[in-house]
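The residues making up each chain are set out below.
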Amino acid sequence: MQLTNRAKKTDKSDLNVVEKTYLPGVFKGMAITLKHFFSPKPTIRYPEQKRYLGPVFRGHHILKRDEQGRERCTACGLCAVACPAEAISMVAAERVKGEEHLYREEKYAAAYEINMLRCIFCGLCEEACPKQAIYLRHDKFVPVFTGREEVIYGKDQLVEDMNERYNREAWTKEEMAKLWDKQ
């Protein structure tokens, strides 16, 4: 009984005089090499050209702000609980009078850290957040680091800059499917 149609029949007969010189095999190999030599190159010049990563790429983390510039994170801890690598840690604090322009809710994250050595970029923190405060950017890689002190990202590196707001073409799977259909 044959399970697949991938099996190839091999010819076990003796080679003739021309085949014994292996010239047909050499010419076939050279033809394949020449065909690939003149075909367009699939590589890109990375620093000058950047490849489109798509709307589902998970890159650099960002803590979003709302339209008034207030932080969305309420330090509920759901992202830290959902993280399988236990890379997220936070300290909650109460908002005091006069900080209404900084934080949306009465409770906020006084300290929020992500250990990038532990992070596996699974996106579960993004899905667990009820306030849509944390996102994994689809357009930016995590920068290269040389020491351990550079891999623990605090709020100073994570909170969104209001002058450079992060926008994504697709936020849901349905929107992403529409984008892929257009291309």
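Given the structure is predicted, the values throughout are model-derived calculations rather than measurements.

Asker: Describe the overall build of the chain, listing the residues and the values that go with them.
Answerer: Along the backbone of the chain there are six helices and five strands. Reading the chain from its N end, one meets helices and strands in the order α-α-β-α-β-β-α-β-β-α-α. Computed over C-alpha atoms, the radius of gyration of the chain comes to 27 Å, more than 25% over the 16 Å expected from 2.2 N^0.38 for 183 residues, which places it beyond the range of a compact globule. Seen along its three principal axes, the alpha-carbon backbone of the chain occupies a region of about 95 × 45 × 40 Å. Relative to its 183 residues, the chain shows a buried fraction of 29%. Look at the contacts in the chain between residues 6 or more apart in sequence, and 74% of them connect residues 24 or more apart.

Asker: Give a description of the pattern of salt bridges that names residues and reports values.
Answerer: Evaluated as defined, the whole model comprises seven salt bridges. Across the pair glutamate 106 and arginine 95 runs a salt bridge whose closest N-O atoms are separated by 3.7 Å. You can see glutamate 106 sitting in the loop between β2 (88-94) and β3 (107-115) and its partner arginine 95 sitting in the loop between β2 and β3, a full eleven residues away along the chain. Arginine 95 sits in the partly exposed class, given a relative accessible area of 21%.

Asker: Any details on the confidence of the model for the chain? Residues and values, ideally.
Answerer: Residues of the chain with pLDDT of at least 70 account for 94%, and the chain-wide mean is 85. Within the chain, the element-level pLDDT minimum falls on helix α6 (residues 173-182), averaging 70, and the maximum on helix α3 (residues 78-82), averaging 95.

Asker: So what's going on with the side chain of aspartate 66? Residues and values would help.
Answerer: Tracing the chain through its elements places aspartate 66 in the loop between β1 (61-63) and α3. Classification of aspartate 66 as buried rests on a relative accessible area of 3%. Of note is the side chain of aspartate 66, whose polar atom sits 2.7 Å from the backbone nitrogen of arginine 70. For aspartate 66, the residues in contact, after removing those within four places along its chain, are Arg72, Arg104, Met162 and Arg165.

Asker: Can you lay out the packing of aromatic side chains for me, pointing to particular residues and giving the numbers?
Answerer: Under the defined criterion, the tally for this structure stands at three aromatic pairs. Here phenylalanine 57 and phenylalanine 141 contribute two aromatic rings whose centre-to-centre distance is 5.3 Å and whose plane-to-plane angle is 75 degrees, an arrangement assigned as edge-to-face. In this pair, phenylalanine 57 is assigned in the loop between α2 (23-37) and β1 and phenylalanine 141 in the loop between β4 (134-136) and β5 (152-153), connecting sequence segments 84 residues apart. Residue classification places phenylalanine 141 among the partly exposed residues on the basis of a relative accessible area of 46%. Sitting over the ring of phenylalanine 37, lysine 41 keeps its end group 5.8 Å from the ring centre.

Asker: Talk me through the side chain of histidine 61; I want residue IDs and the actual numbers.
Answerer: As for its position among the elements, histidine 61 is in strand β1. With near-sequence residues (within four places) excluded, histidine 61 lies in contact with Ile114, Met116, Cys119, Phe121, Cys125, Ile134, Tyr135, Leu136 and Leu158.

What counts and how
Residues numbered from 1 in each chain as written. Predicted model: local features only at pLDDT ≥ 70, side-chain atom pairs only at ≥ 80, totals over all residues. Heavy atoms only, no water. Helix = DSSP H or I, 4+ residues; strand = E, 2+ residues; numbered from the N terminus. Rg over C-alpha atoms; globule rule 2.2 N^0.38 Å. Buried < 20%, exposed > 50% of the residue type's maximum accessible area, 1.4 Å probe, protein only. Contact = heavy atoms within 4.5 Å. Salt bridge = Lys/Arg side-chain N within 4 Å of Asp/Glu carboxyl O. pLDDT = per-residue confidence, 0-100. Polar contact = N/O pair within 3.5 Å; in protein donor to acceptor, adjacent residues only side chain to side chain. Phe/Tyr/Trp six-rings, centres within 6.5 Å; stacked < 30°, edge-to-face > 60°. Lys NZ or Arg CZ within 6 Å of the ring centre and 35° of its normal.

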